Amino acid sequence: MGRTGLKVSRLCLGTMNFGPNTDEKEAFAIMDRALDGGINFFDTANMYGNRNGGYSGWTEEIIGRWFAQGGGRREKVVLTSKVYNDMFDENDGPNGEPGLSAYKIRRHLEGSLRRLQTDHLELYFMHSYDREADWDEIWGVYEALVAQGKVFYAGSSNFGARHLILSQRKAENRNFLGLVCEQHKYNLLCRLPELELLPAAKEMGMGVMTWSPLAMGLLSGNIGKNSDSKQRSKKFEQNLSPQMQKQLRDFSDLCSRIGENEAEVAIAWILSHPSVTAPVIGPRTVDQLERTLRALDIKLDKDISGEIDEIFPGPGGEAPWAYLR
């Protein structure tokens, strides 16, 4: 991954549904199947679990109980978590507010490790950029955590290109490795990162994980169909513009013509990007995971990729990823 020797799978298992939308038994089955399917990269966050009447930390607890079953589960997984958001813990007091103080990073890491039933994270993400925190403070605590073996690598999430550059300059001044990976929203309906974020990450030698590869389910092929009412796409369907409705219809027609499902093609398209390390997938069921694994085998030729670009044009008006050639 990036400037490191760390090897991870081409798909990353996102766990944001575990708890609120996926019960513990199904979550365990998903994680077991992911390992069996060659996915060794698991992504979570300390705040996950707080939707639909749940609570922050629930998802990490589920993963921790899965690890506790043994069988080499923890040893086989490259594990991430994140820090920044409010955990709604009264013991945090005023320090519970979103941010990246050294106090909060240390305190919330200990909470994550306890819930996950592990003594380290391979990759610890800053869930958002904190304009109030000084980089000497942030890198000081990360250096200590790396030295203690509690964190192996530092990552960022939802940073802008300028944030990546600033943080890395500060890290280099301290002779510290700094960020090795950025996690960012990127999909066929959100191609803005192609302008600055992806080129910056490539130039700096950083890995890139992409979240929301199906645009909250809009690229799943469920629009206009009697699909599962739990799908988030159903909440957005009624607000789609005529232009977006046409894009999704045209995409569905293309996928039907090549004999593939929309969701797997959308993920295969992300996998074809030379700067992307792994898209973060968030299956709610084992069946969804099984279907998603198909994306690894889909190869989009030049003509099909060109048609996709015509349906979902990128932000720069150039051939896809021309800046990388």
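The structure presented is a predicted model; accordingly, all values stated were derived computationally and were not measured. (Residues numbered from 1 in each chain as written. Predicted model: local features only at pLDDT ≥ 70, side-chain atom pairs only at ≥ 80, totals over all residues. Heavy atoms only, no water.)

## Looking at the packing of aromatic side chains
Counted only if it meets this: What counts as a ring pair is set by centres within 6.5 Å for rings of Phe, Tyr and Trp (its six-membered ring), and what kind of pair is set by the plane angle: stacked under 30 degrees, edge-to-face over 60, tilted for all other angles. For the purposes of this entry, the term helix denotes a DSSP run of H or I that reaches at least four residues, the term strand denotes a run of E that reaches at least two, and both are numbered from the N terminus. Using a 1.4 Å probe on the protein chains alone, a residue whose accessible area is under 20% of its type maximum counts as buried, one over 50% counts as exposed, and one in between counts as partly exposed. Criterion for a charge above a ring: Lys NZ or Arg CZ within 6 Å of the ring centre, and within 35 degrees of the ring normal.
Here the structure, examined in full by the defined rule, presents 12 aromatic pairs. Ring geometry for Y186 versus W269: centroids 5.4 Å apart, planes at 35°, classification tilted. Within this pair, whereas Y186 is found in the loop between β6 (179-185) and α7 (197-204), its partner W269 is found in helix α10 (residues 262-271), the two being separated by 83 residues in sequence. When its relative accessible area of 1% is taken as the criterion, W269 is described as buried. Counting every residue linked through ring pairs, the aromatic cluster contains Y124, Y129, W135, W139, Y142, F159 and F176. A cation sits over an aromatic face here: R74 above F67, 5.4 Å from the ring centre.

## With respect to the nonpolar core
Operational definition: Only buried residues count toward a nonpolar core, which is a set of Ala, Val, Leu, Ile, Met, Phe, Trp, Tyr and Cys residues joined through side-chain atoms within 4.5 Å.
Core analysis: the biggest nonpolar cluster contains 75 residues, and M31 and Y142 have the highest contact counts within it. Take this core: its biggest share by element is seven residues, from α10. Within the second largest apolar cluster, 17 residues are counted, among which are M16, A45, V78 and A278.

## Focus: unusual backbone geometry
In terms of backbone geometry, most residues other than glycine have negative phi values and most peptide bonds are trans. Although it is not a glycine, F88 sits at a positive phi angle of roughly 55°. With respect to the helices and strands, the residue F88 is situated in the loop between β3 (78-83) and α4 (102-116). In this structure, Q117 is a non-glycine residue whose phi angle is positive, near 55°. You can call Q117 partly exposed: its relative accessible area is 46%.

## Quick notes on the pattern of salt bridges
Rules: The rule for a salt bridge is simple: a side-chain nitrogen of Lys or Arg has to be within 4 Å of a carboxyl oxygen of Asp or Glu.
Applying the stated criterion to the full structure yields 16 salt bridges. Notably, a salt bridge pairs E290 with R33, separated by 2.5 Å at the nearest N-O pair. Separated by 257 residues along the polypeptide, E290 in helix α11 (residues 286-293) and R33 in helix α1 (residues 24-36) bring together distant segments of the chain. Classification of R33 as partly exposed rests on a relative accessible area of 24%.

## Overview of the packing of α1 against helix α2 (residues 58-67)
Basically, it comes down to this: Lines are fitted to the C-alpha atoms to define the axes, a helix being fitted only along its stretch in contact, and any angle between axes, read from their N-to-C directions, falls within 0 to 180 degrees. The labels follow the angle: roughly parallel below 35 degrees, roughly antiparallel above 145, roughly perpendicular from 65 to 115, and oblique for the rest. For any helix crossing, the convention is left-handed if the near helix is rotated counterclockwise from the far helix by under a right angle, and right-handed if that rotation is clockwise. In what follows, residue pairs with any heavy atoms lying within 4.5 Å of each other are defined as contacts.
The geometry of α1 relative to α2 is characterised by a closest axis approach of 10 Å and an angle of 60° between their N-to-C directions. Here α1 lies oblique to α2, going by the angle between them. In this structure, the crossing between α1 and α2 has a hand that is right-handed. Listed contacts from α2 to E24, A27, F28, M31, D32 and L35 of α1 are I62, I63, R65 and W66.

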